[in-house]
Amino acid sequence: MGLKDPIRVVVTGGAGYIGSHVAKLLVKRGYEVLVIDNLASSSGKNLLYGEFYPLDLANEEGLCELFREKMPDVVMHFAAYIVVPESVEHPLKYYYNNVGNTLRLLSAMQRAGIKNFIFSSSAAVYGIPESIPVEETAPLNPISPYGESKAMVEKILRDMSLAGELRYVSLRYFNVAGADPEGEIGPTYTQPTHLILRALKTAKGEFPFLEIYGTDYPTPDGTCVRDYIHVMDLAEAHILAMEYLLSGGSSEVLNCGYGKGHSVREVVKLAKAVTGIDFEVRETGRRPGDPPVLVAKVEKIKRVLGFRPKYEDLFLIIKHAWEWERKN
Ligand code: UFG
């Protein structure tokens, strides 16, 4: 490939949930990892792999200096705010960090001459899709500032790529869940909003009951349907995307899911089966901004990257998340 050895990868947000799993897999595969994180949303507990740089992405000069010194081959960009309802309440906070600081990062890369980029996008860019499973070519109609911030960055990347300024893979994550099967790292949110984590923390007694937000959706059992993907399979997708770019692949946008939908009730049932705890569940009204069904069409990632998931089983995903929860 004519690349220097070992390949050097910057992971922004590498102390966070998904970034830390990717950092671990990269190190295990022999890549050199530089983690950039300001620890705004994570404790640092997951900082086990790679060399840590406590930098804020607003610090473009600091990024540029680091990039010029280290000359990484690729930048993987996880660092972002992710709470959808919070983005509705505080849009500027989301645009400032998710768009503004991404621009600073891209500018620092450009100034240092680094041209390969992997972006953490989201199914939230689709809003409420017209057809399911949703394809990458579907129109982008985000319904929250969070989703909009991801769609904006995708447009910036598309234009930069068309101009020859970089090549990128944008990975549109569906519902990421689970934890490192080896139990070293996992989600560390203190106030999780995600269904599986809330269910497991309810089983642990951290919450008195679990709420089901809406039972009158036009779905088989009335609750929302999502496409849950194991965080370790998602990590593998990042490695494949990076190897694809480094071997000359052109810019791509790819859904990351399994193409299989599970309802909220189904998740609750499995969480009870995994934990063996019959925790209290209360049915309440809909949560604003929830699309009824979000399931990925996944042919493209399989075709372009040869993605073959290893943990495609919701029971296993919840089991790994539970093993982590019990230990922590
Ligand atoms: N839910 C509950 N009770 C809870 C938590 C969630 O019923 O305590 C429901 C939600 O209403 C939703 C489903 O469970 O129907 C899944 O909710 P999550 O919060 O786990 O995940 P989302 O689908 O809302 O969000 C995920 C990512 C976002 C991304 C979004 C795309 O976490 O980053 O998908 O729509 F933007």
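To be clear, the structure that these remarks concern was listed above.
Residues numbered from 1 in each chain as written. Predicted model: local features only at pLDDT ≥ 70, side-chain atom pairs only at ≥ 80, totals over all residues. Heavy atoms only, no water.

S.K.: Hey, could you run me through the side chain of Arg 8 in this one?
M.R.: Looking at the element boundaries, Arg 8 is found in strand E1 (residues 8-12). Side-chain polar atoms of Arg 8 contact the side chain of Glu 32, separated by 2.8 Å. Setting aside chain neighbours within four positions, we find Arg 8 in contact with Glu 32, Leu 34, Lys 70, Pro 72, Asp 73 and Val 74. (Helix = DSSP H or I, 4+ residues; strand = E, 2+ residues; numbered from the N terminus. Polar contact = N/O pair within 3.5 Å; in protein donor to acceptor, adjacent residues only side chain to side chain. Contact = heavy atoms within 4.5 Å.)

S.K.: Explanation requested: unusual backbone geometry in the structure shown.
M.R.: Glycine aside, negative phi is the norm for most residues, and most peptide bonds take the trans geometry. Pro 133 follows Ile 132 through a cis peptide bond whose omega is -5°. Residues other than glycine seldom take positive phi values, yet Leu 39 does so here, at roughly 55°. Tracing the backbone through its elements, the reader meets Leu 39 in the loop between strand E2 (32-36) and strand E3 (51-53). Its relative accessible area of 32% is what places Leu 39 among the partly exposed residues. (Buried < 20%, exposed > 50% of the residue type's maximum accessible area, 1.4 Å probe, protein only.)

S.K.: Just checking my understanding: could you explain the packing of helix H4 (residues 91-112) against helix H5 (residues 145-162) for this structure?
M.R.: Two measures define how a pair of helices packs: the angle their axes make with one another and the distance between the axes. Taken N-terminus to C-terminus, the directions of H4 and H5 make an angle of 20°; their axes are 9 Å apart at the nearest point. Classified by the angle their axes make, H4 and H5 are roughly parallel. For the pair H4 and H5, the sense of crossing is right-handed. In contact with Pro 91, Tyr 94, Tyr 95, Asn 98, Val 99, Thr 102, Leu 103, Leu 106 and Gln 110 of H4, H5 contributes Pro 145, Tyr 146, Glu 148, Ser 149, Met 152, Val 153, Ile 156, Leu 157 and Met 160. (Axes fitted to C-alpha atoms, helices over the stretch in contact; angles between N-to-C directions. Parallel < 35°, antiparallel > 145°, perpendicular 65-115°, else oblique. Left-handed = near helix turned anticlockwise from the far one by under 90°.)

S.K.: Teacher, can you tell me more about the site of the ligand here?
M.R.: By nearness alone, 21 residues border the ligand, and His 194, Glu 211, Arg 226, Arg 287 and Asp 290 come closest of all. Note that a nitrogen atom of the ligand is positioned 2.7 Å from one of the backbone N or O atoms of Glu 211. Between an oxygen atom of the ligand and a main-chain N or O atom of Tyr 213, the distance comes to 2.9 Å. Coverage of the ligand by the protein amounts to 92% of the 680 Å² it exposes when considered alone. (Near = heavy atom within 4 Å. Areas by Shrake-Rupley, 256 points an atom, 1.4 Å probe, with all protein chains shown as cover.)

S.K.: Hey, could you run me through the sheet that holds E3 in this one?
M.R.: Think of a sheet as strands paired side by side through backbone hydrogen bonds, with each pair either parallel or antiparallel. Strand order in the open sheet formed by seven strands is E3-E2-E1-E4-E5-E6-E11, and the pairing between neighbours is parallel. One side of each edge strand has no neighbouring strand; the edge strands of this open sheet are E3 and strand E11 (252-256). Each strand axis lies, on average, 20° off the axis of its neighbour in the sheet, ignoring direction. As defined by bridge partners, strand E5 (residues 116-122) adjoins strand E6 (residues 167-173) across seven bridges and the pair is classed as parallel. Within the sheet, the bridge partner assigned to Ser 122 lies in E6 and is Tyr 173. Strand contacts of H5: E5, E6 and E11, with the helix running at about 155° to E5, the strand carrying the most contacts. (Pairing = 2+ DSSP bridges.)

S.K.: Where do I start with helix H2 (residues 60-70) in this structure?
M.R.: In an α-helix, one turn spans 3.6 residues, which is why side chains three or four residues apart end up on the same side. Along H2, the residues classified as buried are Glu 60, Gly 62, Leu 63, Cys 64, Leu 66, Phe 67 and Lys 70. Those residues of H2 that are buried lie in contact with E1, E2, E3, strand E4 (74-77) and H4. One or two positions beyond H2, positive phi appears at Met 71, with a value near 45°.

S.K.: Before we go on, may I ask you to explain the sheet that holds strand E12 (residues 262-263) in this structure?
M.R.: The sheet built from three strands is open, its strands ordered E12-E9-E14 with mixed pairing. With partners counted over all chains shown, the strands left at the sheet margins are E12 and strand E14 (293-294), one partner each. Where strand E9 (residues 225-226) and E14 come together, two bridges link them in parallel fashion. Bridging across to E14, Arg 226 finds its partner in Leu 294.

S.K.: Teacher, can you tell me more about the pattern of salt bridges here?
M.R.: Pairs may arise between side chains of opposite charge once their charged atoms sit close together. On inspection of all chains with the given rule, the structure shows 25 salt bridges. A salt bridge links Glu 325 to Lys 204; its shortest N-O distance comes to 3.0 Å. Taken together, the residues Glu 325 in helix H10 (residues 314-327) and Lys 204 in the loop between helix H6 (195-203) and strand E8 (210-213) connect sequence positions 121 residues apart. Here Glu 325 falls in the buried class, since its relative accessible area comes to 3%. Where Lys 260 meets Glu 312, a salt bridge forms, and the shortest distance between an N and an O atom there is 3.9 Å. One end of the pair, Lys 260, is in the loop between E11 and E12; the other, Glu 312, is in the loop between helix H9 (299-305) and H10, with 52 residues separating them in the sequence. (Salt bridge = Lys/Arg side-chain N within 4 Å of Asp/Glu carboxyl O.)

S.K.: Please clarify how the nonpolar core should be interpreted in this entry.
M.R.: Most often, soluble globular proteins have nonpolar side chains that are buried together. Grouped together as the largest cluster of nonpolar side chains are 73 residues, with contacts concentrated most on Val 9, Ile 18, Leu 26, Ile 118, Ile 196 and Met 242. Ranked by residue count, the leading element in this core is helix H7 (residues 231-246), at 12 residues. Listed in part, the 26 residues of the second largest apolar core include Leu 55, Val 75, Val 99 and Leu 105. (Core = buried A, V, L, I, M, F, W, Y, C linked by side-chain atoms within 4.5 Å.)

S.K.: Where do I start with the pairing of E4 in this structure?
M.R.: Looking down a regular strand, the side chains alternate between one sheet face and the other. Every second residue of E4 is oriented toward a common face, with Val 74 and Met 76 on one face and Val 75 and His 77 on the other, all of them buried. Judged from the four bridges that link them, E1 and E4 form a sheet pairing that is parallel. For Thr 12, the partnering residue across the bridge sits in E4 and is His 77. Of the pairings in the sheet, the one linking E4 to E5 comprises three bridges and is parallel in character. Counted as the bridge partner of Val 75 is Phe 117 from E5.

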